[in-house]
Amino acid sequence: MRTYISDLKDHIGEEVTLKGWVYNYRASSKKIKFLILRDGTGLCQCVYFKGECEEEAIELFSEVTQEACVEVTGVPRIEERSPGGVELGAQKLKILSKTVDYPITPKEHGTDFLMNHRHLWLRSKKQHAALRVRAELISAIRDFFNGDGFTLVDAPIFTPSSCEGTSNLFETNYFDDKAYLSQSGQLYMEAAAAAFGKAYCFGPTFRAEKSKTRRHLIEFWMVEPEVAFNDLYDNMELAEKFVEYIIQRTIKNKAEELKILERDTSGLEKIKGEFPRLHYKEAVEIIKKENPNFIDGDDFGGTDETIISSKFDKPVFVHHFPSAIKAFYMKEDENEKGYSLSCDMLGTDGYGEIIGGGQREESIDVLQDKIKEHNLDMKDFQWYLDVRRYGSFPHSGFGLGIERTVAWICGLPHIRETIPFPRMYGRLHP
Ligand code: 4AD
Ligand code: MG
């Protein structure tokens, strides 16, 4: 029988067998040897004492190498200084598979080297911790929507048309036809909102962005709720409640991992209740004081977002972006021509845009004009226009980027460490 390291506390004083990989080892003297075992659930210090363990184990120790696959039998005991608060009084050792020259050593490596060895880098403490935070975040997201009356409706990955503009579409063959990798499931969620009232999709989305920034991936995961009869303000309320839930739950359940990542979570703990809301024009006033080159009417760049978020200790909504810089489906505010019922949420600590969304245009005539204005092909959108033809209704939704949220929670400077195998401009391997 094999025991997991995470369960050792329940087996104090009993003989157990652990299976895993050698994270580190130290032959301090002829009499005492240390082996740090890693099994995916945690790390365990295994101590071999000559005289107390099998003689064979002491002999075999000279063949131990970093990341060799081993089986260790011994008796767990409380040791507060050890990782996990337990150490193993080891008795037996079996080497299941040897390793020669494991490429990632405890010395410093460059980012490019580590990214080329991403498949191995995942075994390292901090990478492991960040991906466990990601897994918890995803689970919190699903629980929030499933517990709030939403139906999960999976959107397709192959799509016939664009959602977020044509400049970063990934084109691919679809037998004799052309298809695009989905930029967003939103248009499908609008149809789903008419069928289910409250719907969400959660999947990979693709943007062929030829830029290398710390916030952009080519393939990223997005969760997109859409709610019938919600307006812009209901939408911001939903986003606020949602972000509070997923942040608080993740920092509570993954406190150990966040400690490994050396993330001070005191700022994140304050993310509760109402978030400040700025009209685009108010946000521009703030930006212009520090970035006089900003042109009114433009979209925000990374530094502009940082200027705004540095003024608050909670995430901030910016709403009413100019219609001219937003997608075709955004509804214009009837009382403020030229400005849309859009909203972005900016994370704290300079993490920038986490959420983008807003209220959708429900008039078929206006939408047809918008499709033409954006030079999109009307025939590709006939199914989408049907949502307006047959019982049109006000509705709103948003998309939250998983990787940006993981980077923010973990305090990681670059998005590349927030997804197991990142796809970035100039990187497809491994
Ligand atoms: O603002 P975006 O483009 O909005 C949409 O796609 C809407 N259709 C969503 C909706 O209303 N249903 O993207 C939403 C979020 C961004 O706020 C950001 O967190 C993330 O997706 N995102 C990216 N994350 C990583 N790499 C990229 N290239 C990203 N582009 C957007
Ligand atoms: Mg956006």
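A quick note: this is a predicted structure, and the numbers were derived from the prediction, not measured. (Residues numbered from 1 in each chain as written. Chains lettered and ligands numbered in written order. Predicted model: local features only at pLDDT ≥ 70, side-chain atom pairs only at ≥ 80, totals over all residues. Heavy atoms only, no water.)

Let's shift gears to the site of ligand 1. What surrounds ligand 1 is a group of 24 residues, the closest being E164, Q186, E224, E353 and I354. A distance of 2.9 Å separates a nitrogen atom of ligand 1 from a polar atom in the side chain of E209. At 3.4 Å from a nitrogen atom of ligand 1 is found a side-chain nitrogen or oxygen belonging to Y329. Isolated, ligand 1 exposes 630 Å² of accessible area, and the fraction of that covered by the protein chains is 94%. Among the cavities detected, the one that contains ligand 1 is the largest pocket. (Near = heavy atom within 4 Å. Polar contact = N/O pair within 3.5 Å; in protein donor to acceptor, adjacent residues only side chain to side chain. Areas by Shrake-Rupley, 256 points an atom, 1.4 Å probe, with all protein chains shown as cover. 1 Å grid on protein atoms, 1.4 Å probe; cavity = no way out; pocket = protein on both sides within 12 Å on 5 of 7 lines; lining within 4 Å. Sits in = over half its atoms within 2 Å of the grid points.)

Its boundaries defined by the atoms lining it, the largest pocket holds a volume of some 1,200 Å³. Looking at the largest pocket, it is lined by 49 residues, and the ones nearest its centre are E164, R207, E209, D299 and E353. For the lining of the largest pocket, the secondary structure elements donating two or more residues are β11 (219-228), α10 (302-309), β14 (342-347), β15 (352-359), β16 (395-401) and α13 (402-410). Looking at the lining of the largest pocket residue by residue, the classes come out as 19 nonpolar, 16 polar and 14 charged. Lining the second largest pocket are 29 residues, with Y23, W121, S124, K125 and K126 sitting closest to its centre. A per-class count over the lining of the second largest pocket returns 13 nonpolar, eight polar and eight charged. (Points joined across faces, edges and corners; volume = space filled by probe spheres on them. Helix = DSSP H or I, 4+ residues; strand = E, 2+ residues; numbered from the N terminus. Nonpolar A, V, L, I, M, F, W, Y, C, P; charged D, E, K, R; others polar.)

As a further point, take the packing of helix α11 (residues 364-373) against helix α12 (residues 382-389). Between α11 and α12, the least distance of the axes is 9 Å, while the angle of their chain directions is 160°. By the angle class used here, α11 and α12 are roughly antiparallel. You can see that α11 and α12 cross each other, and the crossing is right-handed. On α12, the residues that touch I364, L367, Q368 and I371 of α11 are Y384, L385, R388 and R389. Here the residues of the contact of α11 with α12 sort into five nonpolar, one polar and two charged. (Axes fitted to C-alpha atoms, helices over the stretch in contact; angles between N-to-C directions. Parallel < 35°, antiparallel > 145°, perpendicular 65-115°, else oblique. Left-handed = near helix turned anticlockwise from the far one by under 90°. Contact = heavy atoms within 4.5 Å.)

Further remarks concern the nonpolar core. Within the largest apolar cluster, 44 residues are counted, with the highest numbers of intra-cluster contacts made by I141, F145, V223, F242, V243, L400 and I402. Sorting the residues of this core by element identifies α4 (125-146), β10 (198-206), β11, α6 (232-253), β14, β15, β16 and α13 as the ones contributing at least two each. L8, V16, C53 and I58 belong to the second-largest nonpolar core, a separate cluster that totals 22 residues. (Core = buried A, V, L, I, M, F, W, Y, C linked by side-chain atoms within 4.5 Å. Buried < 20%, exposed > 50% of the residue type's maximum accessible area, 1.4 Å probe, protein only.)

Glancing now at unusual backbone geometry. H429 connects to P430 through a cis peptide bond whose omega is 0°. Locating P430 in the fold gives a position in the segment after α13. The phi dihedral of H320 falls on the positive side, at around 60°, and the residue is not glycine. Following the sequence through the fold, H320 ends up in the loop between β13 (316-319) and β14. At D349, a residue that is not glycine, the phi angle is positive and equals roughly 60°.

Here we take up α10. Buried within α10 are the following residues: D304, E305, I307, I308 and S309. On its buried face, α10 sits against β12 (277-279), α9 (280-290), β13, β14 and β15.

A few words on the pattern of salt bridges. What the rule picks out here adds up to 30 salt bridges. R389 is the partner of D386 in a salt bridge, and the nearest nitrogen-oxygen pair spans 2.8 Å. Of this pair, D386 and R389 both sit in helix α12, three residues apart, roughly one helical turn. Its relative accessible area of 31% is what places D386 among the partly exposed residues. The partly exposed category is assigned to R389, whose relative accessible area is 35%. (Salt bridge = Lys/Arg side-chain N within 4 Å of Asp/Glu carboxyl O.)

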